[in-house]
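# Secondary and tertiary structure notes
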Amino acid sequence: MRTMVDWSELQPELLVLIAKRINLIEDYLNFRTVCTSWYTVATRDNFSSNLPRAPWLMLAEEEDDRTYRKFFSLYNGMILKKRIPGASEKRCVESKGWLVTVGKDEGEISLLQPFSGVRIELPHQNTTDFYEHNYTHDLWTYIRKAVLSANPSNTSDYALMVIEGRFERLSLWRPGDLLWTRIWIPTHIGHISDVVYFSGHFYAVTFGRCVLVCDVVGTQLTKVYSVAHLAPWTDGKNYILESLGSLFVVAQQIVDTRYVKGDRESIQPTHIPGGDDEEEKICTHRTRKFLVFRIDLSSCKAIPIMDLGDQAFFLGANASLSIQASQFPGIKPNCIYFTDNWIGAYLFFKKGCGLDMGVFNLADGSIKPLYDGISVSRASTDPSNPVTSTDAHKICESCPEAQVL
């Protein structure tokens, strides 16, 4: 005769071991609903934050309550809601599960852990070198991208590199610094498009297709030098990221032909371009395709790549990243997930923008929707058009576990 097992009588030590092996918040939610004893061990401390997990899409603020944000699961469509008052009406850029927030009125900058509420105040943007020549008219647009070398939740030995200002330069901050440290790059190299921390160094890619390395060792800044150049026929926004121990650059090809006639109820321009037929004049950008290059640091070459294998890339206002698709059913391999990162569109439309989001398949060049719902961010500082939201959509590296624990 078989004996029925009473799962509620499992030893707490065993349940803790099981709980710590669950890396998806949806599974953790199901785990804690089994019975009282399972619920007891399903605490925040027992949810491992170091396991790999699928990124989430952080949706735009909603007008009815700006202290809450919604997170959309890219692999199963679940939406979780989390109260994050520290991010309300601020420009947010994400790295390693932390948000760098920039205030719309004063331009104050903070590092915010959105789920624990821990905040680290950073030097004001006006402490950067030659700020008077590099400031942006809208203070909250000053930080374009932020990348951490390590997770501040795990160590105090980390650095934060940001792309800042209207000329899109690089500046560095370490814990204890009272000022931002400008990374000096020759003017002719051009504006910085993206930055990543890889193998102990910060690497950047410019709009001019140049790949740079910034050696930052201790308190010393060594020289910045070029390690590769993309092909001259690439043109558009460039992203840089690490995948499987290699460095990659992704060139986003954009065209300005996405007519928004069918979206006029959700987004309306702050002004109508000249012409009699305004219906045909209102258009915004759209992504046409992506080109991928692996950066061979030994030969200083950018090698075109046609297949990502089991990897999926995630690009946008967040720190660019890569994951192994087979670990997360629903995430598509050999695809690039991207969010709308053109801040000019967020400024142009009254209700904001965020229409250029999707999943690009490298195999056939198709683009499928990333999120089927309506989620537009308004980012205007026109006094007649009060700010509702000051950040673009972003794909967050860590999932919002604190919402449910």
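Described below are features of the structure shown in this document. What you are looking at is a predicted structure, and each value in this text was computed from that prediction instead of being measured.

## Concerning the environment of Pro232
Its place among the elements puts Pro232 in the loop between strand E15 (220-229) and strand E16 (237-243). Judged by its relative accessible area of 68%, Pro232 falls in the exposed class. It is 8.8 Å that separates the C-alpha atoms of Pro232 and Gly208, two residues lying 24 residues apart in sequence.

## Regarding the sheet that holds strand E8 (residues 143-148)
Reading across the sheet, the four strands line up as E8-E9-E10-E11 and stay open at both edges, with antiparallel pairing between neighbours. The sheet is open, and its two borders are formed by E8 and strand E11 (181-183), each paired with just one other strand. Sheet twist, expressed as the mean angle between neighbouring strand axes with direction ignored, is 30°. Bridge count between E8 and strand E9 (residues 160-164): five bridges; the pairing is antiparallel. Bridge pairing in E9 places Leu148 opposite Leu160.

## Considering the sheet that holds strand E7 (residues 119-121)
Pairing is antiparallel across the open sheet formed by four strands, whose spatial order is E4-E5-E6-E7. Two strands close off the open sheet at either side, each with one partner strand: strand E4 (90-95) and E7. Each adjacent strand pair in this sheet contributes to an overall mean axis angle of 25°, direction not counted. Examined bridge by bridge, E4 and strand E5 (residues 98-103) share six bridges and lie antiparallel to one another. By the bridge assignment for E5, Ser95 is matched with Trp98.

## With respect to the environment of Leu80
Assignment of secondary structure puts Leu80 in strand E3 (residues 79-83). On the basis of relative accessibility, which here comes to 8%, the residue Leu80 falls in the buried class. Here the alpha-carbon distance between Leu80 and Trp56, two residues 24 residues apart in the chain, equals 9.7 Å.

## Looking at a nonpolar patch on the surface
A cluster of nonpolar residues, Leu14, Leu17 and Ile18, forms a patch on the protein surface that exposes about 250 Å² of accessible area. Tracing the chain through its elements places Ile18 in helix H1 (residues 12-19).

## Some thoughts on the packing of aromatic side chains
Applying the stated rule across the entire model yields eleven aromatic pairs. For the ring pair Phe248 and Phe313, a centre distance of 5.6 Å and an interplane angle of 65° mean the geometry is edge-to-face. One end of the pair, Phe248, is in strand E17 (residues 246-259); the other, Phe313, is in strand E20 (residues 311-315), with 65 residues separating them in the sequence. Judged by relative accessible area, Phe248 falls into the buried class, the value being 9%. Taking 4.8 Å as the distance between ring centres and 20° as the angle between the ring planes, the aromatic pair formed by Phe314 and Tyr337 counts as stacked. With a gap of 23 residues between them, Phe314 in strand E20 and Tyr337 in strand E22 (residues 335-338) connect regions that are remote in the sequence. Considered together, Phe314 and Tyr337 belong to a single accessibility category, that of buried residues. Three or more aromatic residues link up through ring pairs in this structure, and these residues are Tyr131, Tyr135 and Tyr142. Just above the ring of Trp184 sits the side chain of Arg182; from NZ or CZ to the centre is 5.7 Å. Of note, Lys237 hangs over the ring of Tyr239, and the distance from its end group to the ring centre comes to 5.5 Å.

## A closer look at unusual backbone geometry
Unlike most non-glycine residues, Glu89 shows phi in positive territory, near 55°. Along the chain, Glu89 falls in the loop between E3 and E4. In the Ramachandran plot, Lys96 falls in the positive-phi region, its phi being about 50° despite a non-glycine side chain. Relative to the helices and strands, Lys96 is located in the loop between E4 and E5.

Criteria and cut-off values
Residues numbered from 1 in each chain as written. Predicted model: local features only at pLDDT ≥ 70, side-chain atom pairs only at ≥ 80, totals over all residues. Heavy atoms only, no water. Helix = DSSP H or I, 4+ residues; strand = E, 2+ residues; numbered from the N terminus. Buried < 20%, exposed > 50% of the residue type's maximum accessible area, 1.4 Å probe, protein only. Pairing = 2+ DSSP bridges. Axes fitted to C-alpha atoms, helices over the stretch in contact; angles between N-to-C directions. Patch = residues over 30% accessible without salt bridge, like charges linked within 9 Å, V, L, I, M, F, W, Y side chains within 5 Å. Areas by Shrake-Rupley, 256 points an atom, 1.4 Å probe, with all protein chains shown as cover. Salt bridge = Lys/Arg side-chain N within 4 Å of Asp/Glu carboxyl O. Phe/Tyr/Trp six-rings, centres within 6.5 Å; stacked < 30°, edge-to-face > 60°. Lys NZ or Arg CZ within 6 Å of the ring centre and 35° of its normal.

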